[in-house]
Amino acid sequence: MKTLLSILCILLVFSGCSSPYVENNTVEEIAPVTFWSLNQGEGGKFKITTLVPPVTDEKKRLFTLNVDLLKQGKKEFNLKFYRELKNGQLRMLIINEKLAKKEIISLIDTILSDPDVSPRLFLVLVRGSFEDFLEEERKVQKNLDYYLYRMFRHYERRNQGEMSIVNLHEFMEKVYSPYSDPVLPIFKADKDNFTYEGTALFNENKYVGLFNKREDQMFQLIANDHYLKNLPIPHLNVSLGQVRSKVHMQVDDQFKTLNIHVKLKGRIDEYRGHRNILDRSEMNRMTHDIESYLQRETAGLVKETQRLKIEPLEVGAHTLSPLVHPMTRREWLDHYEKMKVHVKYSVKIEPLSL
Amino acid sequence: MFRKKKRTAANQKKNEEMNRITHEAVTLDLLKQATAKMDDAKIVQRQTNNGASFSLVYIQTLIDKERLNEAIIQPLLQSGDQAFIQCISTCSVLRIHSIEEAKEHMLFGAVLIHDHENNEWWAVQLENTLSRAIENSETETIMYGPKDSFTERIEQNVFMIRRRLPVTELKAEKFQAGSNTKTQVQMLYIEGIANPDIVEIARENISKVNFDLILEASNLSAFMDDHTHSLFPQFMQTDRPDSCAYSLGLGKIVILLNDTPFALIAPITFFHLFQSPEDYVHRWVIASFLRTLRYLSFFIAITLIPLYVALTTYHYQMIPLQILYVLMESRSKLPFTPFWESLIMLIIIEIIKEASLRMPTKTSQTIGVIGGIVIGQAAVEAGFASKVLIVLVGISAIACFLVPNYLVTKATTVLQFLILILASFYGILGIAFGLILLLAHLNGLSSLKQPFFAPVSPLYWRDWKDLFVRAPLPWAKLRPEYLKTVKKWRVSKGEGSE
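Small disclaimer: the values here were computed from a predicted structure and weren't measured. (Residues numbered from 1 in each chain as written. Chains lettered and ligands numbered in written order. Predicted model: local features only at pLDDT ≥ 70, side-chain atom pairs only at ≥ 80, totals over all residues.)

Can you explain the overall build of chain A? Please cite residues and give values.
The helix and strand tally for chain A stands at 10 helices and 15 strands. Projected onto its principal axes, the C-alpha positions of chain A cover 80 × 55 × 50 Å. A total of 354 residues make up chain A; the buried ones form 34% of that total. Taking as baseline every contact in chain A between residues at least 6 positions apart, the subset at least 24 positions apart corresponds to 62%. (Helix = DSSP H or I, 4+ residues; strand = E, 2+ residues; numbered from the N terminus. Buried ≥ 20, exposed ≤ 12 C-beta atoms within 10 Å, placed from the backbone. Contact = placed C-beta atoms within 7 Å.)

If you had to explain the overall build of chain B to someone new, which residues and values would you point to?
On a plain count of helices and strands, chain B comes out with 16 helices and 12 strands. Its C-alpha radius of gyration of 30 Å places chain B more than 25% over the 23 Å reference for a compact globule of 498 residues. Principal-axis analysis of the C-alpha atoms gives chain B an extent of 100 × 60 × 60 Å. In chain B, buried positions account for 34% of the 498 residues. (Rg over C-alpha atoms; globule rule 2.2 N^0.38 Å.)

Run through the UniProt feature "domain: Spore germination GerAC-like C-terminal" (unreviewed entry) in chain A, naming residues and quoting values.
Here, UniProt's "domain: Spore germination GerAC-like C-terminal" (unreviewed entry) annotation points to residues 197–350 of chain A. Here residues 197–350 of chain A is 32% helix and 38% strand, with 30 Å between the C-alpha atoms at its ends. (UniProt positions renumbered as here; feature names shortened; annotations may be inferred.)

Could you give me a rundown of the domain arrangement of chain A, with the residues and numbers involved?
Residue and element names in this part refer to chain A. By the assigned domains, chain A splits into domain 1 (26–211) and domain 2 (212–319 + 327–354). Placing a centre on the C-alpha atoms of domain 1 and another on those of domain 2 gives a separation of 31 Å. Every contact between the two is made by 19 residues of domain 1 and, on the other side, 22 residues of domain 2. If you list the elements that add at least two residues to the side of domain 1 that touches domain 2, you get strand E10 (194–203) and strand E11 (206–211). (Domains from an automatic or database assignment.)

Go over the sheet that holds strand E14 (residues 257–271) of chain A, please, and point to the residues and values.
Residues and elements named next belong to chain A. The four strands lie next to each other as E12-E13-E14-E15, forming an open sheet whose pairing is mixed. Edge positions in the sheet fall to strand E12 (227–233) and strand E15 (340–349), since each has one partner strand and no second. Adjacent strand axes in the sheet meet at a mean angle of 35° when their direction is disregarded. Here 12 bridges tie strand E13 (residues 238–251) to E14, and the two strands are oriented antiparallel to one another. Bridged to Lys 246 within E14 is Lys 263. (Pairing = 2+ DSSP bridges. Axes fitted to C-alpha atoms, helices over the stretch in contact; angles between N-to-C directions.)

Would you mind going over the UniProt feature "transmembrane region" (unreviewed entry) in chain B in detail, with residue names and values included?
Residues and elements named next belong to chain B. In the UniProt entry, the feature "transmembrane region" (unreviewed entry) is given for residues 293–314, 334–352, 388–408 and 414–440. With 76% helix and 0% strand, the stretch residues 388–408 has end C-alpha atoms that lie 26 Å from each other. Measuring from the first to the last C-alpha atom of residues 414–440 gives 17 Å, for a span that is 96% helix and 0% strand.

Explain unusual backbone geometry to me, using residue names and the numbers behind them.
Residue and element names in this part refer to chain B. The omega angle of the peptide bond from Ala 266 to Pro 267 is -10°, so this bond is cis rather than trans. With respect to the element layout, Pro 267 can be found in the loop between strand E10 (263–266) and helix H10 (284–313). Cis geometry is found at the peptide bond from Ser 457 to Pro 458, where omega equals -5°. You can see Pro 458 is positioned in the segment after strand E12 (450–451). Positive phi, normally seen in glycine, also occurs at Lys 182, with a value near 45°. For Lys 182, the position within the fold is in the loop between strand E6 (170–177) and strand E7 (183–190). Lys 182 sits in the partly exposed class, given 13 other C-beta atoms within 10 Å.

Tell me about the domain arrangement of chain B, and please be specific about residues and values.
Residue and element names in this part refer to chain B. Parsing chain B into structural domains produces domain 1 (18–125), domain 2 (154–268) and domain 3 (283–450). Put simply, the middle of domain 2 and the middle of domain 3, counted by C-alpha atoms, are 34 Å apart. Each side of the interface is counted separately: domain 2 has 15 residues, and domain 3 has 11 residues. For the side of domain 2 that touches domain 3, the element with the highest residue contribution is helix H7 (residues 196–208), accounting for three residues.

Describe the pairing of E11(A), listing the residues and the values that go with them.
Residue and element names in this part refer to chain A. When E10 meets E11, the two strands line up antiparallel, connected through five bridges. Bridging across to E11, Thr 199 finds its partner in Phe 211. Connecting E10 to the next strand, E11, in antiparallel fashion are two residues, including Glu 204 with a positive phi near 55°.

Quick rundown of the packing of H10(B) against helix H16 (residues 428–444) of chain B? Include the residues and the values.
Between two packed helices, what matters for the description is the angle formed by their axes and the separation of those axes. All names here are of chain B. Between H10 and H16, the least distance of the axes is 9 Å, while the angle of their chain directions is 155°. By the angle between their axes, H10 is roughly antiparallel relative to H16. Listed contacts from H16 to Thr 303, Pro 306, Leu 307 and Ala 310 of H10 are Ile 428, Gly 430 and Ile 431. When its residues are assigned to classes, the contact of H10 with H16 shows five nonpolar, two polar and no charged. (Parallel < 35°, antiparallel > 145°, perpendicular 65-115°, else oblique. Nonpolar A, V, L, I, M, F, W, Y, C, P; charged D, E, K, R; others polar.)

So, the interface of chain B and chain A: which residues are in play, and what are the values?
Each partner contributes residues to the interface: chain B has 22 residues there, and chain A has 26 residues. Breaking the side of chain B that touches chain A down by element, the ones donating at least two residues are H10, helix H11 (321–331) and H16 of chain B. If you tally residues by element for the side of chain B that touches chain A, the top one is H11(B), at seven residues. In terms of residue class, the side of chain B that touches chain A is made up of 14 nonpolar, six polar and two charged.

A description of the environment of B:Lys42 should follow, citing residues and the corresponding values.
Residues and elements named next belong to chain B. Mapping Lys 42 onto the fold places it in strand E1 (residues 41–47). For Lys 42, a count of 15 C-beta atoms within 10 Å translates into the label partly exposed. Sequence separation of Lys 42 and Pro 458 is 416 residues, and the distance between their C-alpha atoms is 60 Å.

So, the packing of helix H4 (residues 105–112) of chain A against helix H7 (residues 168–175) of chain A: which residues are in play, and what are the values?
Residues and elements named next belong to chain A. Two numbers describe how H4 lies on H7: the axes approach to 11 Å, and their chain directions differ by 125°. When the axis of H4 is compared with that of H7, the two are oblique. Here the hand of the crossing between H4 and H7 comes out left-handed. The segment H4 lies against H7, with Ile 105, Ile 108, Ile 111 and Leu 112 engaging Leu 168, Phe 171, Met 172 and Val 175. Grouping the constituent residues of the contact of H4 with H7 by class yields eight nonpolar, no polar and no charged. (Left-handed = near helix turned anticlockwise from the far one by under 90°.)

Residues and numbers for the nonpolar core, please.
A:Met92 and B:Ala263 are the most contacted members of the largest nonpolar core, which totals 160 residues. Here this core gets 10 residues from one element, more than from any other, and that element is H10(B). Of all hydrophobic cores here, the second largest spans 21 residues; its members include B:Leu31, B:Ile96, B:Ala110 and B:Ala123. (Core = buried A, V, L, I, M, F, W, Y, C linked by C-beta atoms within 7 Å.)

Quick rundown of the sheet that holds strand E4 (residues 110–115) of chain B? Include the residues and the values.
Residues and elements named next belong to chain B. With antiparallel pairing, the five strands of this open sheet are ordered in space as E1-E2-E4-E5-E3. Single-partner strands in this sheet number two, and they are E1 and strand E3 (93–96). Here the strands of the sheet are splayed against their neighbours by 25° on average, with no regard to which way each runs. Looking at chain direction, E4 and strand E5 (residues 120–125) are connected through six bridges and run antiparallel. Residue Ala 110 lies in a different strand from E5, and its bridge partner there is Gln 125.

Below you can see the structure in the form of structure tokens.
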């Protein structure tokens, strides 16, 4: 008996359970919310919105509260609903652009420190009113919250190269690392649509700007997925498919120049121009045009990050070397801002794909 | 102290009395007294053609009546001047002196012959050899490999083993167990391979059995087990002579009992309970896969339902959203908590399993259909159980049967209930606690004083070749290390490597 009790005690202590009593979470008695939408509220507060009951086929209602604290919102939701709202299945945190411009780190920190919430929670920025979209869409789509989650999960897996999908763990990792700044996907929401707008850029933890859809493609290629299922270049009447890139960045010793060499492989999926691309010399000219276009776009993208003094491309990591004391973030960004950028693309178009 | 002295004196007196009875000379009166109220006991008096009289005493239900006339009565009647003993040439004849000897022979199917003139008693073995034919094994069926199985006759069973191992080193020591049943027990081992210490332990354990009824193998193993209260059998029971021969070849001991078609094999480990004779028939990759599947099934059988209870009661966070969606839908209108729902369904499944096992084959099929389909579907439609649980209970019940040893299958059921109760109190922590207790228990068990959890604990790397993976037979050149056999090598080139 003594042995049994000591084994039990050791188990409880080592598993981090200070109390042997477990919380009753019988699935039919709780309502595990899948998302919280946060927006600016009245009087310096913020608005927290969710759909209840989640994860069931029952008719859904939109709950919105004006609160000071996230946990306060959680508690007040419970008082309004006949099942206890639990956030152990919280999969998406949708933050309004205006709120993100102020400061979101304390909100995200609260969620990160909640042991119930998984760090694989998707963070999303929304421009416009997500609440309006929910209000309209829930009439048509019964399990809207679930389908939204499935969409994020789909694009997260195997880096589909369509959009930037970031979870809580990745976001916070970049916030606390000196040579990188986090990014988030940004969507535009109105009554009828919920559209991907590009990648939101953060300076440490503050939202400072975004890459639009065109720039976002370059961002996916050089810093995020290194893959694009489809890269349309309307300017050249061509669309490349299955584009994969290998990026080589080099910062010189004086931190004056940044060389980016991108090796890109793809095939022509669609061409509506007047060149005879079956001819080798015509094809070479076409490849050269594509390279020039990509170089221009990429250089523009890097310049934008220099202007905003942010590090979503994680160039600073290339300055690190053994036996050299790393620079502070401030020092590095001062160098980075003034750096000359040379971008070179080597595009290889796979033959006979048309 | 006085009481002890008194008791010793009483015991001494009793022993003297016993000795007196045992050594009392056999007489017809004493035999009549012994067979009183035994209607099947016969005492017949006859005269030979020479005028000499003799008596035959026998129990007619135990002897071969057809052979009685031709092998004993006719030769004796026409014996003439010949001595009785010389007339009987077709059966084994033994001279007996005491009444105890006479009774024992008579009860084992001998005909007692009394020569009135010389007052001599003889026992002629004329046992009724009625027995069923050698049939396919029903408890350990296999697709390929030998199909014969043991019968209730120990001689036949020893024959089946000896035919497979025609070596003089195969020793068969005889014992008797059960004061009333006087069951014949034979301990088989291969001298020069089996560890003499283990043989001695087994010999001692069998000799120590002191009980009135030893009717079958489990009765004997119950007295030989090192750990009486364990859920796990410490002797492997099999009715397959090929399994016995294989085990003997490895250096294990086989114990056969008369009137039971099951042999006991020891020492065994926990992992032997998951091995099937068919493992050595299949290609090694397939055999390894199937063996791993059995371990996995055991794990599923004991943890699947407890896991369902733990997740649906405490750890909803761990359930993937897609599955949570299905679970919530399925459980939304149920009147019971996950624990009670699972407990009721598991008990119902056990009732169905027991019923289909005890009923005749045709009825048991009907019970299977009624139990599986009607009760399962009706329970869901009536709102007593969730669809998900019915699926899980089905998987767990089938997983149970993947373990080839029937005794372990039953142990799995009890383990499942125990872990279920722990899960209902502490969730995943309870399951972890249950599994740790199980491991600790298995680690503490032994079979004929040999570690039951070997070769994992204590660690014998060499024996891992035949553990989760069944390595190709040419690789298994050495006998299991945990058995500490006299001869280590199974191949002749290593004969000297002992």
